[in-house]
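# Observations on the three-dimensional arrangement
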Amino acid sequence: TQLLEQSPQFLSIQEGENLTVYCNSSSVFSSLQWYRQEPGEGPVLLVTVVTGGEVKKLKRLTFQFGDARKDSSLHITAAQPGDTGLYLCAGGGTSYGKLTFGQGTILTVHP
Amino acid sequence: DTAVSQTPKYLVTQMGNDKSIKCEQNLGHDTMYWYKQDSKKFLKIMFSYNNKELIINETVPNRFSPKSPDKAHLNLHINSLELGDSAVYFCASSPGTGLKLFFGSGTQLSVL
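Below: a short report on this structure. (Residues numbered from 1 in each chain as written. Chains lettered and ligands numbered in written order. Predicted model: local features only at pLDDT ≥ 70, side-chain atom pairs only at ≥ 80, totals over all residues. Heavy atoms only, no water.)

What follows concerns the sheet that holds strand E1 (residues 4–7) of chain B. Residues and elements named next belong to chain B. Taken together, the four strands give an open sheet; going across it, the order is E1-E3-E8-E7, and neighbouring strands pair in antiparallel fashion. Taken across any chain shown, the strands that pair with only one partner, and hence form the sheet edges, are E1 and strand E7 (64–70). Here the average twist between neighbouring strands, direction ignored, is 15°. (Pairing = 2+ DSSP bridges. Helix = DSSP H or I, 4+ residues; strand = E, 2+ residues; numbered from the N terminus. Axes fitted to C-alpha atoms, helices over the stretch in contact; angles between N-to-C directions.)

We now examine the side chain of Gln25(B). All names here are of chain B. Tracing the backbone through its elements, the reader meets Gln25 in strand E3 (residues 19–25). Overall, the relative accessible area of 4% leaves Gln25 in the buried class. Separated by 2.8 Å, the side chain of Gln25 and the backbone oxygen of His29 make a polar contact. One polar contact links the side chain of Gln25 to the main-chain carbonyl oxygen of Lys71, over a distance of 3.1 Å. Each residue touching Gln25, except ones within four places of it in the same chain, is listed here: Ala3, Val4, Met32, Lys71, Ala72 and Ser93. (Buried < 20%, exposed > 50% of the residue type's maximum accessible area, 1.4 Å probe, protein only. Polar contact = N/O pair within 3.5 Å; in protein donor to acceptor, adjacent residues only side chain to side chain. Contact = heavy atoms within 4.5 Å.)

All names here are of chain A. Here Leu88 shows up in strand E9 (residues 85–92). Overall, Leu88 belongs to the buried group, its relative accessible area being 0%. Each C-alpha atom of the pair Leu88 and Leu45 lies 9.3 Å from the other, and the pair is 43 residues apart in sequence.

With that settled, consider the interface of chain B and chain A. Each side of the interface is counted separately: chain B has 24 residues, and chain A has 20 residues. Between chain B and chain A, a total of about 1,700 Å² is buried, with carbon and sulfur atoms accounting for 59% of that surface. Our count for the contact surface shared by chain B and chain A stands at one salt bridge. Across the pair Lys98(A) and Glu58(B) runs a salt bridge, and its minimum N-O distance is 3.2 Å. (Buried area = accessible area lost by both parts, 1.4 Å probe. Salt bridge = Lys/Arg side-chain N within 4 Å of Asp/Glu carboxyl O.)

Glancing now at unusual backbone geometry. Note the cis peptide between Ser7(A) and Pro8(A), where omega equals -5°. By the secondary structure assignment, Pro8(A) is in the loop between strand E1 (5–7) and strand E2 (10–14). Note the cis peptide between Thr7(B) and Pro8(B), where omega equals 0°. Considering the arrangement of structural elements, one finds Pro8(B) in the loop between E1 and strand E2 (10–13). The backbone phi angle of Lys41(B) is positive, close to 75°, even though this residue is not glycine. Tracing the sequence through the fold places Lys41(B) in the loop between strand E4 (31–37) and strand E5 (43–50). Its identity as a non-glycine residue notwithstanding, Lys52(B) has a phi of 75°, on the positive side.

See below:
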């Protein structure tokens, strides 16, 4: 069974601070996705990384896939209250369309 | 013009009842899924269909039966509901390999 450990589980910071969320596994994944979920809504895909060592940037968000494709990180620069939400990492394995999700990180950015 | 829509949004029912959740996607995707999110926000896949054919069936009790009348619809029927079935159920679709999932807004099921 593939597992993804996500940390921290909770993160409460002030507007303008930087933060990093980690997603780690002992298993190799063919792809790694990051989603953001707001209360009462479904997760929304932020990015997909597929190559070991890959780095993708989405405005103030930087995503990295580990060289061995077992881990990933999400870094947010100068966090804003609008970044508040549940961040989920999800690994794609060999089974068609099956994603293994991490436990999630609840981020709260205070004005 | 919602991409993935599921109904109802909220479902409150008694133990032992049978209930259904409906899902429709207008994105033209070939693959649809049912995921369950527990009270700790952990998301776990239940089923996956590709062009109406079941391709993923995780360890889910037989009381849960998905049905896909066409590739735009995937419904979930649950028999003999139990307290432990209380969760948020998400429908999702993807254009193929599952690298990009589009989720519905969820159905919060409460079994009393």
